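# Examining the three-dimensional arrangement
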Amino acid sequence: MKKYVFLLLVIVIGIFSSSFSLAASLHKVHLDWDYEDQLVEGEVLAGFRLYQEGVLVSQVDNPAARSVDCRFESEEGTFNFTLTAFYSGGTETPHSSPYTFTLSSSTLVATATNDILSTNSLNSSMMNNYDSRNTLSQSVFAADFSGLEEAGNTLSPVLVYPQVMAENLWETEVSVVNESQSEHLVGILRPYSNDGTPLTGDLALDLAPNARYEFRVSESFPDPELISYLVLAANHDQAVGSTKFFIEGQGGAAVPAASEVNAGDFYLPLTVSAPGWYTMLSLVNTTSMEKVLTFRFDNGETRQITVASREQKFFTIASLFDDVLNAGITSATVENGAGIVGVELFDGDNDKYLCGIPLRDGRAADLSYPLHTGEPGWVSGIFTYNPLNQPSNLTITSYDEQGAELSSREISLGGHELYVLVGNDPDLPIGAAWVHINSTVEITGFELLVASNRLGAFSGVNSSGQSGIFTKLDNADGWTGVSLVNSSAEEANVTLSAYDDAGTLVAGYDLSIPAFGKIAGPVDYILPGNLSDATYLRYDSTTALVACQYNNSADDQLLDMLPAL
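Residues numbered from 1 in each chain as written. Predicted model: local features only at pLDDT ≥ 70, side-chain atom pairs only at ≥ 80, totals over all residues. Heavy atoms only, no water.

### Section: the nonpolar core
Core analysis: the largest hydrophobic core is formed by 32 residues, its most contacted members being Tyr369, Ile382, Leu394, Tyr419, Leu421, Val435 and Ile437. For this core, the secondary-structure elements that each account for two or more residues are β24 (364-370), β25 (378-385), β26 (392-399), β27 (405-413), β28 (418-422), β29 (434-451), β36 (536-553) and β37 (559-563). Sort the elements by how many residues they give to this core and β29 lands first, with seven residues. Here leucine 421 is in contact with Ser380, Gly381, Ile382, Ile396, Arg409, Leu428 and Val435, once residues within four sequence places are set aside. Membership of the second largest hydrophobic core comes to 23 residues, among which are Val164, Leu199, Ala211 and Leu230. (Core = buried A, V, L, I, M, F, W, Y, C linked by side-chain atoms within 4.5 Å. Buried < 20%, exposed > 50% of the residue type's maximum accessible area, 1.4 Å probe, protein only. Helix = DSSP H or I, 4+ residues; strand = E, 2+ residues; numbered from the N terminus. Contact = heavy atoms within 4.5 Å.)

Set out below in structure tokens:
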């Protein structure tokens, strides 16, 4: 007898409309589910169907999907929803257990714009009234973060800053950049405690095209020591940002804000279990349901944690093992991660050893990393993790700055194995400027920059694009360097544009990067002109570039590394 196990996990609220109706209207619901199937002989799984009171309302033609937004016409009211799976030969499974859900004005798809989009302002009456309105959900994040709305429900959450530290000696610096070159970014930054409770003191933003805003948490919110994470809700999603948490003069880490949630399992490409070292995770559950996460480590051990709706969990990997260091684990896959955003931090007893990477579900068959060898004592370590069960063959190719291939070799990487390549590896020729890793299965990984007693980290998956933002130019207290790798077989024509916080173009420069070439160095060496007023940098290229920035303080105590966003 065929066995079908179908667990409907959640249906959460969709987007608010600016109009209300009791007649049939277009609604949107977000679904997450688990599905365990025993394949029908001679058939393959083809997708899933959503039923409302037994009537088909939406179909998902993706057998790998476990999360989707469904839009359909319906009157308002309370209904039973069920899911089925269907196969290529026409077989359809029995319906899942019903999930009762109320469709109301809060699930209507927005069809009208609001005055805020034309006025680009938040007046006092708007600010005084928003807390009394209903909850606004969003298209990017699966959570219905309470109260993230303004001026007629036109704002949607677009960024989550999953870690904030602003107590004792710690400080957090936050940046927001409006990527749009034509439209104001209007929104609010809302602080949350670690249990998901929204805190008082929303920060209103109105950024001109290309404008940037930077602030310190302790100076901008009434109770900074209570804040665990921030959410930006805005009138459009062309926004990027980053956080930098640090102890003044000692050390810190910079990580990107999350612009999308994980859709499934995500990965820890490295966990450090050694005396004096800590691997810490900050996880935010953006969904409206409790999540049970399973950590499946590369040595076969598993651990579970539960993260409540909108809760942030901040903990060490060692705490999963009763604070006993476990040198037998080096990497992990975190299962059931749909709706989770977070960061992984590496820290030593000396706080100068601190860096972080975003936790993502992405994998790729091709990864490219710049090597940082221009400064004495700087070494790049590249960590490649195969999160799958099947082994992989890796081809590792190095290039110089002009794009000439210097070396190529192949290695085998088993399932759930970690491979480490150090920039001073004898197999890397002198003059190697970057490396390309091709894999026969999709893998993940990151680069760790070690500079004396300082660390920086750069995630290697989905790190290329034809345009990108370097969110901070450190002019007053240090310097900023960038690496631009052209991993394509065509010459890249690149425009670098430096802006100030108001969005004014300070300097621009056109350059070319040969096929498979690289340009790297301090920004004021690459970009001529006076950059003293510039606060961030944008690049636009005719080919996709792998790009990252590294900031170093004037006293050589702080080192950050960020991908272009």
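### Looking at the environment of threonine 84
Relative to the assigned elements, threonine 84 resides in strand β6 (residues 77-87). Considered as a pair, threonine 84 and arginine 49 are 35 residues apart in the sequence and their alpha carbons are 5.3 Å apart.

### Details of the layout of surface pockets
By volume, the largest pocket amounts to about 710 Å³. The wall of the largest pocket is formed by 35 residues, among which Ser259, Glu260, Arg360, Asn462 and Leu565 lie closest to the centre. Elements supplying a minimum of two residues to the lining of the largest pocket: β14 (239-247), β22 (340-348) and β31 (464-470). The class makeup of the residues in the lining of the largest pocket is 18 nonpolar, 12 polar and five charged. (1 Å grid on protein atoms, 1.4 Å probe; cavity = no way out; pocket = protein on both sides within 12 Å on 5 of 7 lines; lining within 4 Å. Points joined across faces, edges and corners; volume = space filled by probe spheres on them. Nonpolar A, V, L, I, M, F, W, Y, C, P; charged D, E, K, R; others polar.)

### Brief notes about the pattern of salt bridges
Here the structure, examined in full by the defined rule, presents 13 salt bridges. The salt bridge partner of glutamate 173 is lysine 472, with a shortest N-O separation of 3.4 Å. Here glutamate 173 is found in strand β9 (residues 170-178), whereas its partner lysine 472 is found in the loop between β31 and β32 (478-486), with 299 residues between them in sequence. No difference in accessibility class separates glutamate 173 from lysine 472, as the two residues are buried. With its nearest N and O atoms 2.3 Å apart, the salt bridge here joins arginine 212 to glutamate 214. Via salt bridges that share partners, Glu173, Arg212, Glu214, Lys472 and Asp501 belong to a single interconnected network. (Salt bridge = Lys/Arg side-chain N within 4 Å of Asp/Glu carboxyl O.)

### As for empty space enclosed by the protein
Taken as a whole and assessed by the stated rule, the structure comprises five cavities of 30 Å³ or more. By volume, the largest cavity is sized at about 110 Å³. Secondary-structure elements contributing two or more residues to the lining of the largest cavity are β9, β12 (212-216), β14, β36 and β37. Broken down by class, the residue content of the lining of the largest cavity amounts to five nonpolar, six polar and six charged. Reported here for the second largest cavity is a volume of approximately 80 Å³. Every residue lining the second largest cavity is listed: Tyr267, Pro269, Ile357, Pro358, Arg360, Gly362, Thr444, Gly445, Ser459 and Val461.

### Section: the pairing of β27
Look at any regular strand and the pattern is simple: side chains alternate between the two faces of the sheet. Here eight bridges tie β26 to β27, and the two strands are oriented antiparallel to one another. By the bridge assignment, serine 392 is partnered in β27 with leucine 413. (Pairing = 2+ DSSP bridges.)

### Observations concerning the confidence of the model for the protein chain
Of all residues in the protein chain, 82% attain a pLDDT of 70 or more, and the chain-wide mean is 81. Taken element by element, the predicted model of the protein chain shows its lowest mean pLDDT in helix α1 (residues 116-119) (20) and its highest in strand β33 (residues 492-499) (97). Long-range and interchain partners of residues 1-23, a stretch whose pLDDT sits below 50, account for 95 contacts in this model, where long-range means more than four residues apart. This stretch, residues 109-153, has a pLDDT under 50; its non-local contacts, to residues over four places away or in other chains, come to 130 contacts. (pLDDT = per-residue confidence, 0-100.)

### Observations concerning the packing of aromatic side chains
Within the structure shown, the criterion is met by 13 aromatic pairs. Ring centres of phenylalanine 295 and phenylalanine 315 lie 6.1 Å apart, and the angle between their planes is 80 degrees; on these two criteria the pair is classed as edge-to-face. Here phenylalanine 295 is found in strand β18 (residues 291-297), whereas its partner phenylalanine 315 is found in strand β20 (residues 312-316), with 20 residues between them in sequence. Both residues of the pair, phenylalanine 295 and phenylalanine 315, count as buried. Grouped by ring-pair contacts, the aromatic residues Phe295, Phe297, Phe315 and Phe321 constitute a single cluster. In this structure, arginine 49 is placed above the aromatic ring of phenylalanine 86, and the distance from its NZ or CZ to the ring centre is 4.0 Å. The residue whose ring lies beneath lysine 244 is phenylalanine 246, and the NZ or CZ to ring-centre distance is 5.6 Å. (Phe/Tyr/Trp six-rings, centres within 6.5 Å; stacked < 30°, edge-to-face > 60°. Lys NZ or Arg CZ within 6 Å of the ring centre and 35° of its normal.)

### Things to note about the sheet that holds β20
By way of backbone hydrogen bonds, the strands of a sheet pair with one another, either parallel or antiparallel. Reading across the sheet, the four strands line up as β20-β17-β22-β23 and stay open at both edges, with antiparallel pairing between neighbours. The outermost strands of the open sheet, each flanked by one partner alone, are β20 and β23 (354-358). Each strand of the sheet is rotated relative to its neighbour by a mean of 15 degrees, with strand direction disregarded. Pairing of strand β17 (residues 277-285) with β20, which is carried by five bridges, proceeds in the antiparallel orientation. Its bridge partner lying in β20, leucine 283 is registered against lysine 313. (Axes fitted to C-alpha atoms, helices over the stretch in contact; angles between N-to-C directions.)

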